[in-house]
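In case you want the letters, here they are:
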Amino acid sequence: MADSDHVGTLAMAEGLSATVRDILRHLCDGRCRAYGAVVEWCEARGDCCHAVSCPGCSRQFLVDEDELAELRRWTDAEGHALVCGVRWE
């Protein structure tokens, strides 16, 4: 059963950046199976960085704006059915 879930998630992640695929593999196919939290921190001059943090193991993935947008689109389209992806609330 896990193998078919794994293949399904990877197939749904085709066309996404390598970083986004790594995040989805971890959150959707790994032992943690969860929604990751998006963490944002900004410098005084307005430069911001984003990371996705796994609630199960605290692993963090640094992402840029484009990758963050990919994660949001993927979660909206596929993640809710699989109960994994990213959460902004």
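Below, the structure is looked at part by part. (Residues numbered from 1 in each chain as written. Predicted model: local features only at pLDDT ≥ 70, side-chain atom pairs only at ≥ 80, totals over all residues. Heavy atoms only, no water.)

**Quick notes on the state of the cysteines**
Scanning the model with the defined rule gives 2 disulfides in all. Across the disulfide from Cys28 sits Cys84; the S-S distance is 2.0 Å. Looking down the S-S bond of the Cys28 and Cys84 bridge, the torsion is 105°, so its handedness is right-handed. One end of the pair, Cys28, is in helix α2 (residues 18-29); the other, Cys84, is in the loop between α3 (65-82) and β4 (85-87), with 56 residues separating them in the sequence. (Disulfide = S-S within 2.5 Å. Helix = DSSP H or I, 4+ residues; strand = E, 2+ residues; numbered from the N terminus.)

**Observations regarding the packing of aromatic side chains**
What the rule picks out here adds up to 0 aromatic pairs. Taking the ring centre of Tyr35 as reference, the NZ or CZ of Arg87 above it sits at 4.1 Å. (Phe/Tyr/Trp six-rings, centres within 6.5 Å; stacked < 30°, edge-to-face > 60°. Lys NZ or Arg CZ within 6 Å of the ring centre and 35° of its normal.)

**Focus on a nonpolar patch on the surface**
A surface patch of nonpolar side chains, about 300 Å² in accessible area, is lined by Val39, Trp41 and Leu62. Its location among the elements puts Leu62 in strand β3 (residues 60-63). (Patch = residues over 30% accessible without salt bridge, like charges linked within 9 Å, V, L, I, M, F, W, Y side chains within 5 Å. Areas by Shrake-Rupley, 256 points an atom, 1.4 Å probe, with all protein chains shown as cover. Salt bridge = Lys/Arg side-chain N within 4 Å of Asp/Glu carboxyl O.)

**Remarks on unusual backbone geometry**
Positive phi values are uncommon outside glycine, yet Arg33 reaches one of about 35°. Examined against the element boundaries, Arg33 turns out to sit in the loop between α2 and β1 (35-42). The backbone of Ser58 sits at a positive phi, close to 70°, despite the residue not being glycine. Secondary-structure assignment places Ser58 in the loop between β2 (48-53) and β3.

**Comments concerning the nonpolar core**
Membership of the largest hydrophobic core comes to 16 residues, with the highest contact counts inside it found for Ile23, Leu24, Val52, Val63, Leu71 and Trp74. Among the elements that take part in this core, α2 stands out by supplying 5 residues, more than any other. Discounting chain neighbours no more than four positions away, the residues touching Leu71 are Val20, Ile23, Leu24, Val52, Val63, Val86 and Trp88. (Core = buried A, V, L, I, M, F, W, Y, C linked by side-chain atoms within 4.5 Å. Buried < 20%, exposed > 50% of the residue type's maximum accessible area, 1.4 Å probe, protein only. Contact = heavy atoms within 4.5 Å.)

**Some thoughts on the environment of Thr75**
With respect to the secondary-structure elements, Thr75 resides in helix α3. For Thr75, a relative accessible area of 1% corresponds to the buried category. Between the alpha carbons of Thr75 and Leu24 there is a distance of 9.5 Å; along the sequence they are 51 residues apart. Among the polar contacts listed, one links the side chain of Thr75 to the backbone nitrogen of Val86, at a separation of 3.1 Å. (Polar contact = N/O pair within 3.5 Å; in protein donor to acceptor, adjacent residues only side chain to side chain.)

**Digging into a negative patch on the surface**
On the surface, Glu40, Asp64, Glu65 and Asp66 cluster together into a patch of negative charge. Structurally, the position occupied by Asp66 is in helix α3. (Lys, Arg positive; Asp, Glu negative; His and termini not counted. Charge placed at Lys NZ, Arg CZ, Asp CG, Glu CD.)

**Quick notes on the pairing of β1**
As defined by bridge partners, β1 adjoins β4 across 3 bridges and the pair is classed as parallel. Of the residues in β4, the one forming a bridge with Ala37 is Arg87. One ladder, built from 6 bridges, connects β1 with β2; its direction is antiparallel. Pairing of Val38 across the sheet is with Val52, part of β2. (Pairing = 2+ DSSP bridges.)

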